[in-house]
Amino acid sequence: MSRKLLALLVAAFLLLSLATYVYYRRTLAARPIDPYALVPDDAVLVLATRDHAALVQHLQEAGVWDNITGVRYFQQVAGPLALADSLDTGGRPVVANPVTGRPRGLLSLLGKKLVLSSLHLTGPGQVDVLYQIPLASVREYRQARGLLETLGRDPRYRLSTRDYEGYELQELTAQAGGTLTVLNYRNHLVISTHAALVEAVVHRLAHPEAPTVRAGFGATDLLRLRDVDATLLVNFRRVPALLDVLFQPGTHALLDQALALTHESLLGLKFGPGQVTLTGFANPETAANSWQQPLRGQAAQSPRPLAGVLPLRAALVLAVAGRLAPAPAADTARAARPALDSLRATLAPGATLVYLATPAPGQLPARLTLVRSVAPARTAQWLARLRRAGGASPAFGRVGSYEVYEAGFQPNALLGALADGPAAAPAGGPLSTAVVGEYLALSDNATLRAYLADVVAGQVWSRSASQVALLQQTQPLARLTVLADVRQGWNALLGTLAEDRRAGLLRNESLLRHFSQVAWQLVPPEQPAEETRPGSQYFAQLLLRRPGQAPAADSAGRGGGVRLRFRTPLAGQPFLLPAQPTADGTLAAPVLVADSLGVLTLLPAGTASRAWADTLPGPVVSPPRLLRGRLLLATAHRVHWLSPADGREAPGFPLNLPDSVTVADVAAGTSARILVATTTNSLLLFDTNGRRYPGWPHRLEAPLAGPPALLTVGGRDVVVAALRNGYVYAFDQAGSRYPGFPVSAGARLAGPLLTAAGPTLARSLLRVVNQHGELLSITLSGDISTRRRVATWSRTASFRLVPEASRRAGSFVVVRQDGGQLDVYAPLATGPAPLLSRQLLTSGEKPVQWFDFGPAHQVLALTEPLPGLVSLFDAQGRPLGAGAGSPTQAGTWPSTGTGVALRYEAARQRYQLVRLLRRELRRDEVRE
């Protein structure tokens with residue numbers, strides 16, 4: 001009986017063990033691990049990479065890898081593991097496998113996996129790093145265990161294990177001091193030289209339902225983007241504590257407030273020639289006492305106009321776009337409050353704080369405040385009233401042509417919290433003011449006079465090629481811009497660092513000076529209303545630049561450019577007229593531009609002057625077209641036909657449409673007819689004498705997929721319209737449908753159609769792309785002659801046909817966009833392979849243009865409205881303006897228009913690029 005009972009107990013134990021194993025494999029082990037769930041919540045920075053070898057290679061190419069390997073936190077972990085690799089190979093150097101090419105030793109554990117490194121504050125003045133490495137196979141698990149056991153057998157180390165809340169921790173202790181703690185959680189190695197960090201991971205595992213440090217960014221994965229080597233997660237709520245470790249108390253309070261506009265950001269890291277760029281998103285701060293609350297909804301501003309007033313001695317520039325509440329007025333200053341309010345009304349919201357270089361490390365940097373004035377003359381008048389109200393002396397000093405006055409008020413009464421912080425410089429005199437161009441400058445008397453002397457001597461950023469290049473690479477509009485120059489701020493860094501951190505700064509001086517220009521920016525949504533919606537985010541950019549090696553935003557592969565500034569922002573895209581000979585015998589094309597108020601301007605060929613300007617009744621709603629040598633365009637309720645010579649309307653123009661009719665587009669062919677499409681899905685046909693043809697307007701059953709087309713075949717007018725519901729219509733001059741129409745495209749349509757007129761209807765072709773990714777050729781007799789699939793179809797993908805910019809027959813590309821993935825196909829040239837494939841950071845439709853100047857001179861232009869860039873590529877998908885192997889940035893230009901204009905000069909083998917940048921029209925020469 002006892003034997004049977006024993007057998008039953010053994011069987012029950014085996015069944016229980018088997019059930020436990022199956023449960024573990026089917027539930028716990030089968031559920032994937034979120035690596036960020038193993039990162040303690042107090043992480044300040046989290047660096048993630050999926051290709052360690054590529055990251056190391058790019059760091060080596062950037063010239064900073066040797067400096068990074070010298071950092072103490074790197075050596076604490078890398079030293080013992082490198083020794084284990086050496087012992088494991090018998091003391092020989094660790095080399096790559098000659099067959100597979102893969103590295104042996106520790107590097108083989110990293111490979112192309114998601115490896116995390118997080119930075120934590122672990123005590124007063126103490127910072128430590130936590131590393132996380134996944135193990136993908138049993139072989140890797142044995143290799144990791146073998147590394148530790150190899151070190152444990154070495155007399156210089158002692159390997160031990162201990163239990164902590166049910167988890168086994170391995171500790172590798174060196175006789176020389178220091179302990180490496182390792183936790184293996186479901187084949188994820190967690191390593192740190194600070195045991196409390198590994199114990200914090202165990203505490204984190206006790207609450208699996210708690211949100212991770214990355215939860216605020218959902219499924220956003222910047223590592224999927226092309227050329228992104230790593231991502232950096234920053235917890236700005238803990239950045240002040242990190243700065244407390246590095247700097248003396250009270251020296252960075254104002255910077256803390258500025259950086260706290262967001263509480264976290266996720267950035268993708270890219271390497272370029274002489275620079276490192278981190279771009280991504282940031283979640284706004286929700287705390288009630290942060291600057292984010294009063295600044296939310298206020299317009300962003302451009303930092304680039306500061307180039308003319310920033311001194312070369314500027315070490316740190318902090319520009320905030322938006323107004324903060326002024327400090328409460330004292331009883332003695334309440335009488336001056338109305339004058340302060342009036343002065344504030346003449347100033348643009350926000351301010352720029354400039355910390356200047358110090359001659360020696362023991363001195364605090366002087367501080368200068370710059371505020372842009374919208375009416376400098378009125379600003380000077382209200383400053384005079386404030387001096388009288390505050391009892392300030394009316395006497396003034398002169399530096400060059402600038403006058404320096406005593407302010408008579410406190411800066412925080414005007415600027416609020418933007419003027420808080422430590423005093424700029426000791427005993428520099430009372431607050432003084434000066435009007436410098438469009439800016440009001442405030443500082444103590446001595447600092448202000450020294451600054452004005454720099455301005456008079458021309459020692460400003462606009463005279464420095466490296467500083468201008470830095471500003472050109474910043475975002476056009478931002479709420480916060482922080483610019484730092486390590487060269488100018490080195491003495492200030494030494495003076496403000498904590499005493500025990502100065503030696504470390506000097507040890508890593510070459511690393512910090514390598515990228516001496518730093519720019520951090522936050523760009524709010526374009527529409528202020530979007531900022532109040534849940535989930536609204538900033539676009540964030542951090543730029544590390546090495547002067548002299550990084551390309552300027554307008555220099556790589558470019559020739560000399562021409563800039564022309566306007567009073568109001570330009571809208572739409574520039575339009576090039578036929579080229580004309582210039583005074584030097586070359587050919588140049590006049591340019592037509594329109595601004596946001598409806599002012600149309602023609603710029604003659606080869607000059608920067610204006611030929612004429614015409615104020616239209618509103619913004620232009622359709623791109624200009626040439627009809628019989630005149631410019632045909634439309635505003636909301638009028639059709640205009642202008643002479644390029646002087647901007648005069650043709651006789652009988654503009655055509656005045658009823659208020660109930662709003663123009664959506666206007667088209668013209670080779671005949672003297674004008675086709676107008678309205679926002680109510682109607683088509684109207686006129687001649688150039690203003691006569692409306694019988695049978696029109698024609699009301700369509702669905703919205704237009706793109707602009708309609710008007711062509712002439714055998715002396716007959718044909719009006720072609722593609723609708724979003726997938727039907728294509730062809731009408732005659734009387735508004736009747738041609739036989740065989742409408743034609744079903746088999747799926748919904750979006751984007752323009754391409755027409756090619758032939759001698760007969762049967763030999764005239766229409767080309768459309770439906771939303772199943774099929775390219776259809778339809779004759780005007782109503783037959784589908786060809787149908788071919790261009791690219792793979794999916795429910796989330798959209799397709800559109802992009803005709804050649806000048807409507808060159810038979811030349812077009814097809815754009816497929818699926819979320820952030822954009823592919824461009826040239827089905828008649830490259831076949832099924834995409835001409836260009838890009839993973840984009842921002843969402844939304846991206847305007848694409850196709851320019852065809854001949855078989856060897858085809859250019860693709862891709863415009864990204866946010867962050868305001870246009871990229872040019874040749875017919876092989878290579879960036880234009882750069883040689884083979886050059887970085888993508890070399891083919892990128894800042895642009896705020898919906899498109900660009902491009903012309904090819906065969907004699908000089910140059911492209912002429914025309915683009916809009918806010919209030920500027922820019923012409924650039926681009927090499928092939």
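Shown above is the structure to which this text applies.
Residues numbered from 1 in each chain as written. Predicted model: local features only at pLDDT ≥ 70, side-chain atom pairs only at ≥ 80, totals over all residues. Heavy atoms only, no water.

Colleague: Tell me about the nonpolar core, and name the residues and values.
Modeller: One finds Trp 291, Phe 409, Leu 414, Leu 480, Trp 520 and Leu 522 to be the most contacted residues of the largest nonpolar core, which totals 77 residues. When residues no more than four places from it in sequence are discounted, the contact partners of Leu 522 are Leu 261, Thr 262, Ala 282, Ala 478, Arg 479, Leu 480, Tyr 538, Phe 539 and Ala 540. If you look at the next biggest cluster of nonpolar residues, it comprises 30 residues, including Leu 356, Tyr 402, Val 455 and Leu 471. (Core = buried A, V, L, I, M, F, W, Y, C linked by side-chain atoms within 4.5 Å. Buried < 20%, exposed > 50% of the residue type's maximum accessible area, 1.4 Å probe, protein only. Contact = heavy atoms within 4.5 Å.)

Colleague: Go over the sheet that holds strand 22 (residues 570-576) with me, naming the residues and quoting the values.
Modeller: If you walk across this open sheet you meet the four strands as 22-25-26-27, and the pairing is antiparallel. The sheet is open, and its two borders are formed by strand 22 and strand 27 (612-615), each paired with just one other strand. Recorded for the sheet is a direction-independent mean angle of 15° between the axes of neighbouring strands. Judged from the four bridges that link them, strand 22 and strand 25 (residues 591-595) form a sheet pairing that is antiparallel. Bridging across to strand 25, Phe 575 finds its partner in Leu 592. (Pairing = 2+ DSSP bridges. Helix = DSSP H or I, 4+ residues; strand = E, 2+ residues; numbered from the N terminus. Axes fitted to C-alpha atoms, helices over the stretch in contact; angles between N-to-C directions.)

Colleague: Just give me the short version of the sheet that holds strand 51 (residues 892-894), but keep the residues and values in it.
Modeller: As summarised here, the arrangement of the four strands in space is 48-49-50-51, forming an open sheet in which the pairing is antiparallel. The open sheet has two edge strands, strand 48 (848-852) and strand 51, and neither has a second partner. Strand-to-strand, the axes of this sheet are offset by a mean angle of 20°, without reference to chain direction. Of the pairings in the sheet, the one linking strand 49 (residues 858-864) to strand 50 (residues 869-874) comprises six bridges and is antiparallel in character. Its bridge partner being in strand 50, Glu 864 is matched across the sheet by Leu 869.

Colleague: Tell me about the environment of Ala 345, and please be specific about residues and values.
Modeller: Mapped onto the elements of the fold, Ala 345 is located in helix 11 (residues 337-345). Through-space distance from the C-alpha of Ala 345 to that of Val 374 is 8.8 Å; in sequence the pair is 29 residues apart.

Colleague: Tell me about helix 7 (residues 195-205), and please be specific about residues and values.
Modeller: What helix 7 keeps buried is the set Leu 197, Val 198, Glu 199, Val 201, Val 202, Arg 204 and Leu 205. Taken together, the buried residues of helix 7 touch strand 2 (115-123), strand 3 (126-134), strand 4 (157-164), strand 5 (167-174), strand 6 (179-185) and strand 7 (188-192).

Colleague: Describe the pairing of strand 18 (residues 480-485), with residues and values.
Modeller: The element strand 18 is extensively covered by neighbouring structure, given that five of its six residues are classed as buried. Direction of pairing for strand 11 (residues 314-320) relative to strand 18: antiparallel, over a ladder of five bridges. When the sheet's bridge partners are listed, Leu 316 is paired in strand 18 with Ala 484. Two strands pair when backbone bridges link them, and strand 18 and strand 19 (residues 517-523) are joined in this way by six bridges, in the antiparallel orientation. Across the sheet, the residue bridging to Thr 481 is Gln 521, located in strand 19.

Colleague: An account of the environment of Ala 195 is needed here, citing residue identities and associated values.
Modeller: Looking at the element boundaries, Ala 195 is found in helix 7. Each C-alpha atom of the pair Ala 195 and Leu 180 lies 7.5 Å from the other, and the pair is 15 residues apart in sequence.

Colleague: Quick rundown of the pattern of salt bridges? Include the residues and the values.
Modeller: Overall, the coordinates contain 24 salt bridges when judged by the stated rule. Glu 774 is the partner of Arg 789 in a salt bridge, and the nearest nitrogen-oxygen pair spans 3.7 Å. Note that Arg 789 is positioned in strand 43 (residues 784-789) and Glu 774 in strand 42 (residues 774-779), a separation of 15 residues in sequence. When its relative accessible area of 49% is taken as the criterion, Arg 789 is described as partly exposed. Where Asp 924 meets Arg 915, a salt bridge forms, and the shortest distance between an N and an O atom there is 2.8 Å. A residue is classified by how much of its surface remains accessible, and Asp 924, at 5% relative accessible area, is buried. By relative accessible area, which is 0% here, Arg 915 ends up buried. (Salt bridge = Lys/Arg side-chain N within 4 Å of Asp/Glu carboxyl O.)

Colleague: Go over the pairing of strand 19, please, and point to the residues and values.
Modeller: Of all seven residues in strand 19, six are buried, a share of seventy percent or more. Pairing geometry for strand 19 and strand 20 (residues 538-545), over seven bridges, is antiparallel. What sits directly across from Ala 519, in strand 20, is Leu 543.

Function cannot be read off these values alone, since they describe shape.
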